[in-house]
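Observations on the three-dimensional arrangement
Next come the chains, spelled out residue by residue.
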Amino acid sequence: MSNSANTPLERASRLLDLVPYLSTHQGVELSKLAQVFHISSSQLVADLTTLWMCGLPGYTPLELMELSFDSGFVTIHNAQTLARPRTLNDEESIALLLGLDLVIAALPDDREDLKVQARELVQRLSARSGFPGKLSAASTASNSVEVIVEDAMRANKDLEISYHSLYSDTLTTRVISPIDLKSENGFQYLSAHCDNAKAVRVFRLDRIVSAQIQPGRAGARAVISERESNKISFEIAVHSRVRASLERFSLPPSVVSAPLHSESFSPEWIIRSVFASSGSVELLSPPDMRQRIATSAQSLLQLYESS
Amino acid sequence: MSRKIERLINLTIALLATKRFLTKSEIFNALEGYEGSAQTKERMFERDKDDLRNLGIDIEVGSFDPLFDDEAGYRIRPQSYALDLGEITGQQIALLSLAAQAWSGAALDDAAARALNKLRSLGVDSDLDSIPAITARLTTTHPDFHSITTAISLREEISFSYRSPELDLIPRQIQPYAVATRNSFWYVSGHDLTRDQIRTFRLDRIDGEITRGKESKSFEIPVGFNVFQNSDDEFKSYSATIDIRKGKAQILRAKSSSSIDMGEWDRISYNYFDSQQMIDLILWHGQDAILREPQSLKNQLIETLHEIVRIHV
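What you see is a predicted model, and the numbers here were worked out from it, not measured in a lab. (Residues numbered from 1 in each chain as written. Chains lettered and ligands numbered in written order. Predicted model: local features only at pLDDT ≥ 70, side-chain atom pairs only at ≥ 80, totals over all residues.)

**Thoughts on the overall build of chain B**
Note the following rule: Numbering of helices and strands runs from the N terminus, with a helix taken as a DSSP run of H or I at least four residues long and a strand as a DSSP run of E at least two residues long. To sort residues by burial, count the other C-beta atoms lying within 10 Å of each one's C-beta; a count of 20 or more means buried, 12 or fewer means exposed, and anything in between means partly exposed. C-beta atoms are built from the backbone. Any two residues are considered in contact once their C-beta atoms, placed from the backbone, lie within 7 Å.
Helix and strand content of chain B: 11 helices and 12 strands. A buried classification covers 34% of the 313 residues belonging to chain B. In chain B, once contacts between residues fewer than 6 apart in sequence are set aside, the share between residues at least 24 apart is 55%.

**Topic: the packing of helix α8 (residues 267–276) of chain A against helix α9 (residues 287–306) of chain A**
Residue and element names in this part refer to chain A. Spelled out, the test is: For helices, the fitted line uses only the C-alpha atoms of the stretch in contact; every axis is such a line through C-alpha atoms, and the angle between N-to-C directions lies from 0 to 180 degrees. Here the angle decides the label: under 35 degrees means roughly parallel, over 145 means roughly antiparallel, 65 to 115 means roughly perpendicular, and every other value means oblique. Working rule for handedness: look at the near helix, and if it is turned counterclockwise from the far one by less than a right angle, call the crossing left-handed; if clockwise, right-handed. Residue polarity follows a fixed list, in which Ala, Val, Leu, Ile, Met, Phe, Trp, Tyr, Cys and Pro are nonpolar, Asp, Glu, Lys and Arg are charged, and the others, Gly among them, are polar.
Running from N to C, α8 and α9 cross one another at 50°; their axes reach a closest spacing of 10 Å. Taken as axis vectors, α8 and α9 run oblique relative to one another. α8 and α9 meet at a crossing whose hand is right-handed. Across the interface between the two elements, Pro267, Ile270, Ile271 and Val274 of α8 pack against Met289, Arg292 and Ile293 of α9. Within the contact of α8 with α9, the residues separate by chemical class into six nonpolar, no polar and one charged.

**Quick word on the environment of Ile179 of chain A**
Residue and element names in this part refer to chain A. Structurally, the position occupied by Ile179 is in strand β5 (residues 170–184). Among the residues examined, Ile179 registers 23 C-beta atoms within 10 Å and is labelled buried. Beyond its immediate sequence surroundings of up to four residues, Ile179 is in contact with Ser191, Ala192, His193, Val200, Phe265 and Ser266.

**A closer look at the sheet that holds strand β11 (residues 281–285) of chain A**
Residues and elements named next belong to chain A. Rule in force here: Strand pairing requires that DSSP identify at least two bridges connecting the strands.
Spatially, three strands are ordered β10-β9-β11 in an open sheet, and the strand pairing comes out antiparallel. For this open sheet the edge positions go to β10 (260–264) and β11, each flanked by a neighbour on one side alone. Across the sheet, the mean angle separating the axes of adjacent strands is 40° when strand polarity is ignored. As paired strands, strand β9 (residues 232–238) and β11 are joined by four bridges and run antiparallel to one another. Residue pairing in the sheet places Glu235 in a bridge with Ser285 of β11. Sitting on the sheet, α9 touches β9 and β11, and the angle it makes with β11 is about 140°.

**Comments concerning the interface of chain B and chain A**
With 101 residues of chain B at the contact, the number on the chain A side is 100 residues. In terms of residue count, helix α1 (residues 2–17) of chain B provides more of the side of chain B that touches chain A than any other element does, 12 residues in total. Taken together, the residues of the side of chain B that touches chain A break down into 57 nonpolar, 30 polar and 14 charged.

**Things to note about the pairing of strand β6 (residues 185–192) of chain B**
Residues and elements named next belong to chain B. Pairing between strand β5 (residues 169–182) and β6: eight bridges, direction antiparallel. Bridging from a neighbouring strand, Thr181 pairs with Trp186 of β6. With six bridges joining them, β6 and strand β7 (residues 197–202) adopt antiparallel strand pairing. Each bridged residue has a counterpart across the sheet, and for His191 the counterpart in β7 is Ile198. Between the end of β6 and the start of β7, which pair antiparallel, lie four residues, with Asp196 showing a positive phi angle near 50°.

**A look at the confidence of the model for chain A**
All names here are of chain A. Defined as follows: One confidence number per residue, pLDDT, is output by the predictor and ranges from 0 to 100.
With 86% of its residues at a pLDDT of 70 or more, chain A has an overall mean of 82. Of all the helices and strands in chain A, strand β8 (residues 208–217) carries the lowest mean pLDDT, 75, while strand β1 (residues 28–29) carries the highest, 94. Confidence over residues 137–142 falls short of pLDDT 50; this stretch has 18 contacts with residues more than four positions distant or in other chains.

**Focus: the packing of α9 of chain A against helix α11 (residues 295–312) of chain B**
Axis separation between α9 of chain A and α11 of chain B bottoms out at 9 Å; the angle between their running directions is 150°. Put simply, α9 of chain A runs roughly antiparallel to α11 of chain B. Note on packing geometry: the crossing formed by α9 of chain A with α11 of chain B is left-handed. Here α9 of chain A contributes Arg290, Ile293, Ala294, Ala297, Gln298, Leu300, Leu301 and Tyr304 of chain A to the contact with α11 of chain B, which in turn contributes Ile302, Leu305, His306, Ile308, Val309 and His312 of chain B. Class assignment for the residues of the contact of α9 of chain A with α11 of chain B results in 10 nonpolar, three polar and one charged.

Have a look at this one:
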């Protein structure tokens, strides 16, 4: 992992960060320290050897930092001047601010206490870094799993979920491509293509502990299982609102003069997406679904015109 | 190479430890590593100073006595050098650690890892057990995400091609103020120099590379800037009355401003911004969402349904 992080400037930066870490982690294992700083052990030894030569002017043993690491455990003394961690630079502040925002969104609704603390940290960080507090904003809507799942289905996106499996009583993280949401016996079930299992699985919604939409395109990763899955091929024609229509169907920006071909796990999704395109997209095939759209739109019209 | 690194560290230590400004000649006399002719030393020192500044270390320039035109001196204030987050608890450290770990494998991974090490160095133990298991992972889709955050931190302009609603590529030049994520999309917001307006752009609609301007510190970011100000602005929005079937249409339900129980249906009020988007969203829900008010929107929706029938029959 000791890739390119070895220009003199990057090394100097790392040395300055090593000192405060060592000051609060006296006796840390050499190999663990290398891991923490994402470098090889030999690179770390080179870093520590350089650090050994540093200290206050005078450079007698009295002024130099005192390091010991030949036992495999690292200790540091006489390093008070550099003992406090350096302030965060802009990029580090941005990373934490955006990350905190996501953490706030991912925390369960009944942990308002933690959300308050995290928001307070956002304020502190943005006050100190001079970055706007509202650097990012995760969805302001409710973060209930149901809403996230429906949102993912609508946008044809994958989800990363933490799922509590009752049989093994374990919490697993999986990436799934949602297909369909159904209610049965008072529970809601989500059928989805599971990336871990490489097959379609059914998840009980109340056992999904948390869910998060992934920006990747649904179905893109599911190619492996195409043989066993029942993916539906369909064709559309885009008549207007080109960008919006292509994005809705997760199609790459391209010429739309010819019919566009795509596939999906869910007939429901195809029909809803055509409806939500408000007439700018026409479903050419399969014919039975085309028929279903016409019938369904007619019955909706009757509903509106009779009321 | 390691001599250069030693010199940078020693210079940092010397400038941090001093209470008064150190002059260049004092630095050259006391510090190891400044060797050669006066000119060479001078050049070395200038370069070292720039390097430390590039690491984000603030070197203060001043003189001993403001009344006399003394030789300039240098120092680093411990307050500006060291991380100061005030009183911080183990739980807060844990929250910040989760924030940093959210970048795992994504664009700001390295910066987040460095930040995490600085936080760990504060010597406060992270109290992760007090926080429920959550999945918080940031994923970025644009390969040039890094250019945007760098441009924001250096206050540089950026330019790129942006896909218009009809897929034409339009060149854009903006002063970037902020990046943000919402509903799994990433946005960059800032002052659009061509239109002289604040605009927000979706990163996945940017085509090709993002070019950073040559000049840094070319603008200021307004205090309290909010990326989603316009879309959050309730005063500018209209309200629709929609009947939604019980147990369905969670997206509409979650954002509704009020809800009346009507048995099999709930009647909700929903604030919207763009009538086309509102119609798209209602139609997505098929037979589970029926628009009641306003009449003008209802007419538009009925027209849309006629169009859907026309092209599919």
